[in-house]
Amino acid sequence: MGVIKIENLVRDYGGGKGIFGISFQVKQGEAFGFLGPNGAGKTTTIRHLMGFLKPKSGKCTIDGLDCWSERDKVQARLGYIPGEISFFDDMSGTDFLRFTAEYRKIGTQSRMEELLERFELDPKSKIKKMSKGMKQKLGIVAAFMHDPDILILDEPTSGLDPLMQSRFVNLVAEEKERGKTVLMSSHMFEEVERTCDRIGIIRKGRMIAVDSAAALRERHTRSYMVTLEDEAAAKAFAADFGGVCNGEKVTVTTKQSLEEIFMSYYGGDSNE
Ligand SMILES: Nc1ncnc2c1ncn2[C@@H]1O[C@H](COP(=O)(O)OP(=O)(O)O)[C@@H](O)[C@H]1O
Ligand SMILES: [Mg+2]
């Protein structure tokens with residue numbers, strides 16, 4: 001199992017802030033990228049899924065369980081990385097992981113060790129002395145170590161360097177291969193494009209596109225007509241750039257990158 005459903009979720013913080021009728025579904029075994037700039041409403045949506053916020057209207061369910069009224073059951077089957085990780089600062093990373101393992105009632109620690117190695121994290125120091133990146137790694141280990149079927153990851157790579165970011169993308173790809181359901185928020189096009197089957201773009205609390213990365217790209221092809229000096233020049237040009245010749249004219253079709261698509265939806269005002 002592992003089906004995530006969000007239907008018409010509303011949370012109005014006033015002043016145009018909040019989420020206003022968010023709907024989308026993540027299918028069993030799918031990796032879904034929840035893409036949008038800071039302040040778009042990703043964390044607010046995800047907090048409803050975790051049962052931290054009660055819907056003002058609309059609802060969300062995971063495996064048919066209501067995320068608010070059955071939140072204990074829902075949380076038990078999830079792995080979760082919060083957007084703003086705040087730990088019990090006085091604990092060491094090791095204590096935190098032990099605490100999490102007890103809460104999750106998991107006996108074997110082999111997967112935890114494997115994850116610590118993979119992300120090159122030594123959890124012995126106090127959390128308050130850890131860098132942002134180390135805390136993020138600790139959050140990753142805690143979210144994945146009980147091998148949950150559903151992963152809800154709120155900007156999971158924030159604070160990670162490019163090497164660790166790429167290790168994380170690989171980890172998510174492996175989990176997807178193993179049939180896990182993944183919802184991952186991000187403001188970075190590239191990691192979502194590399195990891196996710198489908199992508200939902202949120203802007204100012206509203207979904208403005210939900211589709212496969214391929215379909216989003218397909219919708220955004222552009223054709224250019226180039227007129228060359230003569231047919232021979234046109235043929236040479238078409239051979240080099242993959243266009244279609246018609247006399248001295250060549251039609252070239254280009255696909256926008258997801259980043260360009262994203263920017264076209266946002267119209268460049270991504271810092272609001
Ligand atoms: N508890 C709150 N009270 C008032 N406004 C909030 C609250 N939480 C979030 N917001 C506002 O709602 C908008 C969406 O926030 P958030 O869901 O955190 O966005 P994202 O995770 O996409 O960056 C932002 O403008 C944010 O300032
Ligand atoms: Mg957020």
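Nothing here was measured: the structure is a model prediction, and the numbers come from that model.

**A closer look at the packing of helix H3 (residues 93-104) against helix H5 (residues 132-144)**
Running from N to C, H3 and H5 point in directions that differ by 20°, and their axes come no closer than 10 Å. Viewed along their axes, H3 and H5 adopt a mutual orientation that is roughly parallel. In this structure, H3 crosses over H5, and the sense of that crossing is right-handed. Where H3 abuts H5, its residues Gly93, Phe96, Leu97 and Thr100 lie against Leu138, Val141 and Ala142.

**Considerations on the side chain of Glu155**
Note on placement: Glu155 falls in the loop between strand E7 (150-154) and helix H6 (162-177). For Glu155, the residues in contact, after removing those within four places along its chain, are Asn38, Lys42, Gln136, Ser185, Ser186 and His187.

**A short note on the pairing of strand E4 (residues 57-62)**
The sheet contact formed by strand E1 (residues 4-14) and E4 spans five bridges and is antiparallel. Counted as the bridge partner of Val10 is Ser57 from E4. Direction of pairing for E4 relative to strand E5 (residues 65-66): antiparallel, over a ladder of two bridges. By the bridge assignment, Ile62 is partnered in E5 with Leu65. Here E4 folds back onto E5, and the loop between the two strands holds two residues, one of which, Asp63, carries a positive phi near 50°.

**Quick look at the environment of Phe241**
Mapped onto the fold, Phe241 is located in helix H9 (residues 231-241). For Phe241, a relative accessible area of 53% gives the class exposed. Put simply, Phe241 and Thr253 are 12 residues apart on the chain and 9.4 Å apart in space, counted from C-alpha to C-alpha.

**Some words on the pairing of strand E13 (residues 249-255)**
Here strand E12 (residues 244-246) runs beside E13; their pairing, made up of three bridges, is antiparallel. Paired with Cys245 across the bridge in E13 is Val250. Between E12 and E13, which pair antiparallel in sequence order, lie two residues; one of them, Gly247, sits at a positive phi of approximately 65°.

**Quick word on the site of ligand 1**
Taken together, Tyr13, Lys17, Gly18, Pro37, Asn38, Gly39, Ala40, Gly41, Lys42, Thr43 and Thr44 make up all the residues around ligand 1. Note that an oxygen atom of ligand 1 is positioned 3.2 Å from one of the backbone N or O atoms of Ala40. A distance of 3.0 Å separates an oxygen atom of ligand 1 from a polar backbone atom of Gly41. Isolated, ligand 1 exposes 560 Å² of accessible area, and the fraction of that covered by the protein chains is 64%. Elements supplying a minimum of two residues to the shell around ligand 1: strand E2 (17-26) and helix H1 (42-49). Looking at which element gives the most residues to the shell around ligand 1, the answer is H1, with three residues. In terms of residue class, the shell around ligand 1 is built from three nonpolar, six polar and two charged.

**Some remarks on the environment of Lys204**
Relative to the helices and strands, Lys204 is located in the loop between strand E9 (198-203) and strand E10 (206-212). In this structure Lys204 comes out as partly exposed when scored by relative accessible area, which is 44%. Here the alpha-carbon distance between Lys204 and Val192, two residues 12 residues apart in the chain, equals 19 Å.

Reading the values: the criteria
- Residues numbered from 1 in each chain as written.
- Chains lettered and ligands numbered in written order.
- Predicted model: local features only at pLDDT ≥ 70, side-chain atom pairs only at ≥ 80, totals over all residues.
- Heavy atoms only, no water.
- Axes fitted to C-alpha atoms, helices over the stretch in contact; angles between N-to-C directions.
- Helix = DSSP H or I, 4+ residues; strand = E, 2+ residues; numbered from the N terminus.
- Parallel < 35°, antiparallel > 145°, perpendicular 65-115°, else oblique.
- Left-handed = near helix turned anticlockwise from the far one by under 90°.
- Contact = heavy atoms within 4.5 Å.
- Pairing = 2+ DSSP bridges.
- Buried < 20%, exposed > 50% of the residue type's maximum accessible area, 1.4 Å probe, protein only.
- Near = heavy atom within 4 Å.
- Polar contact = N/O pair within 3.5 Å; in protein donor to acceptor, adjacent residues only side chain to side chain.
- Areas by Shrake-Rupley, 256 points an atom, 1.4 Å probe, with all protein chains shown as cover.
- Nonpolar A, V, L, I, M, F, W, Y, C, P; charged D, E, K, R; others polar.

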